[in-house]
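What follows is the residue order along each chain.
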Amino acid sequence: MVEPPSLDAASVFPPGEITGPGLRVFPLDGLMFAAVAARRGRTVELAATIQATFGVALPDGPSQAESGGLSFIGVGPGAWLAVGSDPALATRLAEAGQGLAAVVDQSGAYGLLAVEGAAARALLARAVALDLDPEVFGERGAAVCAFGHLGVVLWRAPGSDGFRMALQRSTAADAWRHLAHAAASLKACG
Amino acid sequence: MSAQPFRLATGGAIDRGSTTRFAFDGEAYAGHPGDTLASALLANGVRLMARSFKYHRPRGALTAGPEEPNALVELRTGARREPNTRATAAELYDGLEARSQNRWPSLQLDVLALNGLAAPVLGAGFYYKTFMWPRAFWERVYEPAIRRAAGLGRAADAADPDTYEKVHAFCDVLVIGSGPAGLAAALAARRAGARVILCEEDFSLGGRLIAEAQEIDGAPASAWAEAAEGELRADPKVRVLQRTCVFGVFDGGEYGALEKLADHLAAPAPGQPRQRLWKIVARRAVLASGALERPLVFPGNDRPGVMLAGAARAYAHRFAVAPGRRAVVYAASDDAWRTAADLAAAGVDVAAVVDPRPDLPASLRQAAERIGAEVLVGGTVMAALGAPCLRRVEVRAASGRIAAFRCDLLAMGGGWTPLGGLASNLGHRLTWSPERQAFLPLDLPPGMAVAGAVAGALTLTDCLADGVRRGAEGAADAGFHAPSSTPLRGGEEAGAGPAYWPRPGTKGMAFLDFQNDVTAKDVELAVREGYRSVEHVKRYTTLGMATDQGKTSNLNAHALTAQLSGLGMEAAGAVISRPPHQPVAIAAFAGHSRGLDFRPTRHTPAHAWALAHGAVMTDSGAWKRASYFPRQRADGPVEDWLQAAVREAAAVRAGVGVCDVSTLGKIDIQGPDAGALLDRLYANRFSNLAVGRARYGLMLREDGLVLDDGTSARLAEDRWVMSTTTANAARVMQHLDFARQVLWPTLDVQAISVSEQWAQFAVAGPRSRELLQALFGPTLDLSNRAFPYMAVAEVRLGETPVRLFRLSFSGELAFEVAVPAQYGLALARTLMAAGGPFGVTPYGLEALSILRIEKGHPAGGELNGQVTAGDLGLGGLMSRKKDFIGRVLAGRPGLIDPDRPTLVGLRACEPSQRLRTGAHLLAPGVAATAEADAGYVTSTAYSPALGGWIGLGLLRRGPTRHGEVVRAYDPLRGGDGEVVVCPPVFVDPEGGRLRG
């Protein structure tokens, strides 16, 4: 009898990066995602538990908070997307949030892109209908929004002027083409 | 250079240091950077540029801007050929190739100019009156012939090779137009601290500041414009967009603008979009679109050489081109008189200045007489003559004397019309101002202000002051504080003076709308025939309906209508202007969304696996799914879809197949009240389902019709996973959120879409258990006893978590295996490897469809939004012991009528006879009428199990008619044959195989 095979994980994005003047778009591999939804009326307790266990203050509303490489992005009332490198992210969150939140592993559902550089806003303006000016979409800015015709979760990269964009796996190839198209325009037009 | 005989020796905003080569109708010419095609042609002495739309009249440039109705040309060649481009707005580039259009055999000699001879009978309404009979002739004979004769150039016949893009922008103050008012507004708003976007349609900023010889605070106005542009461009909080036309105003402070990035280049640079569509969201907007000069209306006013006075000045000042050698100025507005002095300064011999208005200030007359021009106050131009270009003007003096002047330029100025169209995009009508003799945008869309000439200001000083005021106000409204500033002063200027409008009774061909060849007589005819509303006159005569949207013609026609109808200007009103202000290519609206990117595409995690097995993919909503996996046949060509699908379906019934079902919607539902919510969502009960089991459920809409079906599995006491059809995944998620958040917010239940998280494969067929047992090893007991039909388990394959479901869509012993999506591709390959010894076959949607039709499972064709549970034979699922969404309305008499078409199986009487979806069901021998319609075929398949064509259908009183023969009538595809009505489950009705 042979050992059960172990399955290899496939990456969300095609290999490589998209670059241009003042622009670098690249996948952030090895990250885990989990959806967290507070049980009815337990948001305050959940926030206290998350603070105590992970040292992150759960954001209230469309914004993000990060500590020690673990980010929580507000994606709806009482709903967050957690992103971190802990391979057991969803399990640990579920344990901590027992009775306080529904936690679902979404590590296969999303891929994360870093959009960095002085031209990041100019690039995103080609597909995102949001005012990303730093005075409007500040350091803790986050939004569930459309990138072209695709649904994405977009937030400011902690500690940098760049952005993070979580894309659904099924749409990653589409988004990648759109980004490449926009970057080519940036390169040609400045 | 001598090749540009009309180029002035000095001046102009052109780069004399370099030469731009271009061609018009095959002739080579030279111009300079900074030229438009029209200015370069005029510099070369080319005045005849086009033929008109209807009468093929010779035409030259009327204007020096984007409002041009006459000088429409074809630019470029091949795939980039672009008809109807305004030569007056086309920026010259090296290698530009332009051709005249709508003429044959040449621009000089155009045979269809004979249409002009027939003009007396081709007036307004001619087509409506003439080509009515016989009616059938309109589409086949008249319209094609008329379209051939009335040309607007030829579109490119190859696909557009360029790319386009859309960009979003946000600002505090958007300034539309960069003339004196616009520049002043942008500076004032920015100096107050606002984020500013300034849009200018032209390739140069400045508007009239660069088209006139004017001064601001004692310095040339063009220098002030240059300094203002420098200040704005240097500011990171200002975005200056030249070559950008704001084409529409939309709700909520949204503005559409089109930026032409590469129209002034032979071809875009690699990666460079040709055009960019801006969606600008502005808290405040200042419309500083200026004003357009009106033509005067007299016979021959369309002849090449007849030009607007302001355009003649623009050619002289901005482009350093003498618009003629010898000119007559026809002024009906005080400011047009300045043209005489400006032309004289440019070396043009000004023969006469004619003004139809009596009693003008002596200062005007004196200035004209100083340059030696004959002055005819109270005179009118009777005719502009010459073929094809202007040679002579006949004038009737106030005394009645007829004077003739030899000339090649007639500069006419009928006064200025504020360009307020954008302000009426949201339905706000322009208001007649008796003082200003103009329609002004006084009733404005929210957030918009108007400044400068569009607001009725006449002089440079007034425009600058208005701009500063509106810019500062806009910034203040957006929350900024504007510092005070010193007013800017322009030089001394004449105003408009008394207004002059076209009079009824003009003889000959006097044009109002040059582009659509609408004459004063046409409007007079329309009014005689009873049209009073300017909107009706417009539609009857086609006035203002060409690509220029009547920018130079509408007001003259309104004035004529107002006089003839006796309504007066205020009552006659002005037409509403709708977007786009200038034509916008559809490609610009599409942006990135073309071809492959026309709409979003979703790939399943195992997409590459399907391709590797030769799958032919099909669209299933946004998803790409494997339709079938054709193989090379040993005895011949590659299988077609039917051969492949039949082989795949048969392989599943006989052995084992693998199908990617990752596209099905999947929703994770958790919380103490999850079961209660499911009971309310589904017609049947779920809360009593045991952990580790799945159940088929039917979901109704509130109106009692079927929304969707699928299975939900209970993973733990308070955790479920629901599956939906691919088509309804988003809809069901929405439905569930609505129920949770709006209908029953007190329930403690959370729902999260996990459609993207899980890759899922059906492993179906009598050998499916062997395959999985081989894969998972003996520690996992998949026997009927341990893992019966509808069992669910969470297991592991190596380190990977796996969800295993004993579900069957095919009616065979079958499982569904789900892994987190990142492992989906590996699992597909692993299943194929493990299935090798069992002859595993990948199967696609076509085979899936055969299998489910053989089992009578409803899917897309049946779940069409019009069926009840009872129609599908699933009435028994509807619980009588609990409430659920749709329960009450499902009991409406119309929905429980026993006559309703109900699900049946259909079998072709002649097995080889093809059944087609959509065929109507009729009693045999009955005429095929809508009244006799008894239902229709919803799904069809060739059944390898039955060796013939079968189908599902909705048939009146279906279940009572098993065994009957009915007619399947398909007039669209010529199908007509008899079918036997039968129960919808064709294969294994007892279900022994799936429980096996």
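Residues numbered from 1 in each chain as written. Chains lettered and ligands numbered in written order. Predicted model: local features only at pLDDT ≥ 70, side-chain atom pairs only at ≥ 80, totals over all residues. Heavy atoms only, no water.

Draft legend 1. Seen up close, the overall build of chain A. Scanning chain A from terminus to terminus reveals 4 helices and 11 strands. With the C-alpha coordinates aligned to their principal axes, the bounding extent of chain A is approximately 55 × 55 × 30 Å. Across chain A, the fraction of contacts at a sequence separation of at least 24, relative to all contacts at a separation of at least 6, is 63%. Accessible surface, chain A as shown: approximately 7700 Å² in total, 53% of it carbon and sulfur. Distance from the positive charge centre (13 side chains) to the negative charge centre (17 side chains) of chain A: 4 Å. (Helix = DSSP H or I, 4+ residues; strand = E, 2+ residues; numbered from the N terminus. Contact = heavy atoms within 4.5 Å. Areas by Shrake-Rupley, 256 points an atom, 1.4 Å probe, with all protein chains shown as cover. Lys, Arg positive; Asp, Glu negative; His and termini not counted. Charge placed at Lys NZ, Arg CZ, Asp CG, Glu CD.)

Draft legend 2. Spotlight on the sheet that holds strand β22 (residues 392–396) of chain B. Residue and element names in this part refer to chain B. In spatial order, the strands read β21-β22-β23; together these 3 strands make up an open sheet with antiparallel pairing. The open sheet terminates on both sides in strands that have one partner only, identified here as β21 (380–385) and β23 (402–406). Each strand axis lies, on average, 20 degrees off the axis of its neighbour in the sheet, ignoring direction. Two strands pair when backbone bridges link them, and β22 and β23 are joined in this way by 5 bridges, in the antiparallel orientation. Bridging from a neighbouring strand, Val393 pairs with Phe405 of β23. (Pairing = 2+ DSSP bridges. Axes fitted to C-alpha atoms, helices over the stretch in contact; angles between N-to-C directions.)

Draft legend 3. Spatial organisation of the pattern of salt bridges. Residues and elements named next belong to chain B. Within the structure shown, the criterion is met by 74 salt bridges over all chains. As a salt-bridge pair, Glu862 and Arg852 come within 2.9 Å of each other at their nearest N and O atoms. Linking Glu862 in the loop between α21 (845–855) and β45 (901–908) with Arg852 in helix α21, this pair joins segments that are 10 residues apart in sequence. In terms of burial, Glu862 and Arg852 fall into one category: buried. Through salt bridges with shared partners, a single ionic network connects Arg76, Arg80, Glu82, Asp162, Asp263 and Arg274. (Salt bridge = Lys/Arg side-chain N within 4 Å of Asp/Glu carboxyl O. Buried < 20%, exposed > 50% of the residue type's maximum accessible area, 1.4 Å probe, protein only.)

Draft legend 4. Region of interest: the packing of helix α10 (residues 520–528) of chain B against helix α12 (residues 554–565) of chain B. All names here are of chain B. Running from N to C, α10 and α12 cross one another at 40 degrees; their axes reach a closest spacing of 10 Å. On the basis of the axis angle, α10 is oblique to α12. Handedness of the crossing formed by α10 with α12: right-handed. Of α12, the residues touching α10 (which contributes Ala520, Val523, Glu524 and Val527) are Ala557, Leu560, Thr561, Leu564 and Ser565. (Parallel < 35°, antiparallel > 145°, perpendicular 65-115°, else oblique. Left-handed = near helix turned anticlockwise from the far one by under 90°.)

Draft legend 5. View of unusual backbone geometry. Residue and element names in this part refer to chain B. For the bond from Ala387 to Pro388, the omega torsion is -5 degrees, close enough to zero to count as cis. Along the polypeptide, Pro388 turns up in the loop between β21 and β22. Of note, the amide linkage connecting Pro579 to Pro580 takes the cis form, showing an omega dihedral of 0 degrees. Non-glycine residue Arg243 carries a positive phi angle of around 55 degrees. Counting through the fold element by element, Arg243 comes out in the loop between β12 (238–241) and β13 (244–250). Here the phi dihedral of Asp517 falls at roughly 55 degrees; this positive angle occurs in a residue that is not glycine. With relative accessibility at 0%, the residue Asp517 sits in the buried group.

Draft legend 6. Representation of the packing of aromatic side chains within the structure. Going through the model one piece at a time under the given rule, you end up with 18 aromatic pairs over all chains. Ring centres 5.8 Å apart and planes at 40 degrees place the aromatic pair Phe13 of chain A and Trp176 of chain A in the tilted group. You can see Phe13 of chain A sitting in the segment before β1 (18–20) and its partner Trp176 of chain A sitting in helix α4 (residues 172–189), a full 163 residues away along the chain. By the burial criterion, Phe13 of chain A is buried, and Trp176 of chain A matches it. Over the face of the ring belonging to Tyr969 of chain B we find Arg967 of chain B, whose NZ or CZ atom lies 4.7 Å from the ring centre. (Phe/Tyr/Trp six-rings, centres within 6.5 Å; stacked < 30°, edge-to-face > 60°. Lys NZ or Arg CZ within 6 Å of the ring centre and 35° of its normal.)

Draft legend 7. Structural detail: the pairing of strand β32 (residues 616–620) of chain B. All names here are of chain B. Alignment of β32 against strand β33 (residues 623–628), held across 5 bridges, turns out to be antiparallel. When the sheet's bridge partners are listed, Ser620 is paired in β33 with Trp623. Between the antiparallel neighbours β32 and β33 lie 2 residues, among them Gly621 with a positive phi of about 65 degrees.

Draft legend 8. Region of interest: α12 of chain B. Residues and elements named next belong to chain B. Here α12 is 12 residues long and its end C-alpha atoms lie 16 Å apart, about the 16 Å a rise of 1.5 Å per residue gives. Of all the positions in α12, only Asn554, Leu555, Asn556, Ala557, His558, Ala559, Leu560, Thr561, Ala562 and Ser565 are classed as buried. If you follow the buried residues of α12, they end up packed against β25 (416–418), β27 (438–440), β29 (511–513), α10, α11 (534–541) and α13 (568–572). Immediately beyond the C-terminal end of α12, within one or two residues, lies Gly566, with a positive phi of roughly 75 degrees. (Expected span 1.5 Å × (residues − 1).)

Draft legend 9. Inspection of the interface of chain A and chain B at higher detail. With 45 residues of chain A at the contact, the number on the chain B side is 58 residues. Carbon and sulfur atoms supply 56% of the area that chain A and chain B bury against each other, a total of about 4100 Å² over both sides. Broken down residue by residue, the surface that chain A buries against chain B is led by Leu7, Arg40 and Ser170 of chain A, which jointly contribute 17%. The interface formed by chain A and chain B includes 7 salt bridges. Our enumeration of links across chain A and chain B arrives at 27 residue pairs in polar contact (both at pLDDT 80 or more). Those elements giving two or more residues to the side of chain A that touches chain B turn out to be β3 (32–38), β7 (101–105) and α4 of chain A. (Buried area = accessible area lost by both parts, 1.4 Å probe. Polar contact = N/O pair within 3.5 Å; in protein donor to acceptor, adjacent residues only side chain to side chain.)

Draft legend 10. Inspection of the sheet that holds strand β37 (residues 706–716) of chain B at higher detail. All names here are of chain B. Strand order in the open sheet made by the 5 strands is β36-β37-β38-β35-β39, with antiparallel pairing throughout. In the strand order of this sheet, the two ends are held by β36 (693–700) and β39 (750–753), each with one partner. Within the sheet, the average angular offset between the axes of one strand and its neighbour, ignoring direction, is 25 degrees. Sheet topology note: the strand β35 (residues 665–670)/β39 ladder contains 4 bridges and is antiparallel. Bridge pairing in β39 places Asp668 opposite Ile752. Of the strands in this sheet, β35, β36, β37 and β38 (719–724) touch helix α17 (residues 674–681), which is tilted by about 25 degrees from β38. Across the sheet, helix α18 (residues 729–743) is in contact with β35, β36, β37, β38 and β39; its angle to β39 comes to roughly 160 degrees.

Draft legend 11. How the structure looks around a nonpolar patch on the surface. All names here are of chain B. Taken together, the side chains of Trp104, Val111, Leu114 and Leu117 make up a nonpolar region of the molecular surface, amounting to roughly 490 Å² of accessible area. Its place among the elements puts Trp104 in the loop between β7 (96–100) and α2 (126–130). Under the relative-accessibility criterion, Trp104 is labelled exposed at 60%. (Patch = residues over 30% accessible without salt bridge, like charges linked within 9 Å, V, L, I, M, F, W, Y side chains within 5 Å.)

Draft legend 12. The arrangement of the pairing of β7 of chain A in detail. Residue and element names in this part refer to chain A. With 4 of 5 residues buried, β7 is to be regarded as a mostly interior element. In this structure, β3 lies alongside β7, joined through 5 bridges in antiparallel fashion. Considered in β7, the bridge of Ala34 is made with Asp105.

Draft legend 13. Region of the structure containing the confidence of the model for chain B. Per-residue confidence for chain B averages 94 on the pLDDT scale, and 98% of its residues sit at or above 70. Prediction confidence for the complex, expressed as pTM and ipTM, is 0.93 and 0.97 respectively. (pLDDT = per-residue confidence, 0-100.)

Draft legend 14. Just the side chain of Gln101 of chain B, in detail. All names here are of chain B. Structurally, Gln101 can be placed in the loop between β7 and α2. A polar contact is formed between the side chain of Gln101 and the backbone nitrogen of Glu74, at a distance of 3.5 Å. A polar side-chain atom of Gln101 sits 2.6 Å from a polar atom in the side chain of Asn84. Filtering out sequence-adjacent residues up to four positions away, Gln101 remains in contact with Arg51, Leu72, Val73, Glu74, Pro83, Asn84, Leu152 and Gly153.

Draft legend 15. View of the state of the cysteines. All names here are of chain B. This structure, assessed with the given rule, holds 0 disulfides over all chains. You can see Cys171 has no disulfide; the closest cysteine sulfur is in Cys199, sitting 8.2 Å from it. Overall, Cys171 belongs to the buried group, its relative accessible area being 4%. The thiol sulfur of Cys463 is not disulfide-bonded, and the nearest other cysteine sulfur, from Cys199, lies at 19 Å. By relative accessible area, Cys463 is classed as buried at 8%. (Disulfide = S-S within 2.5 Å.)

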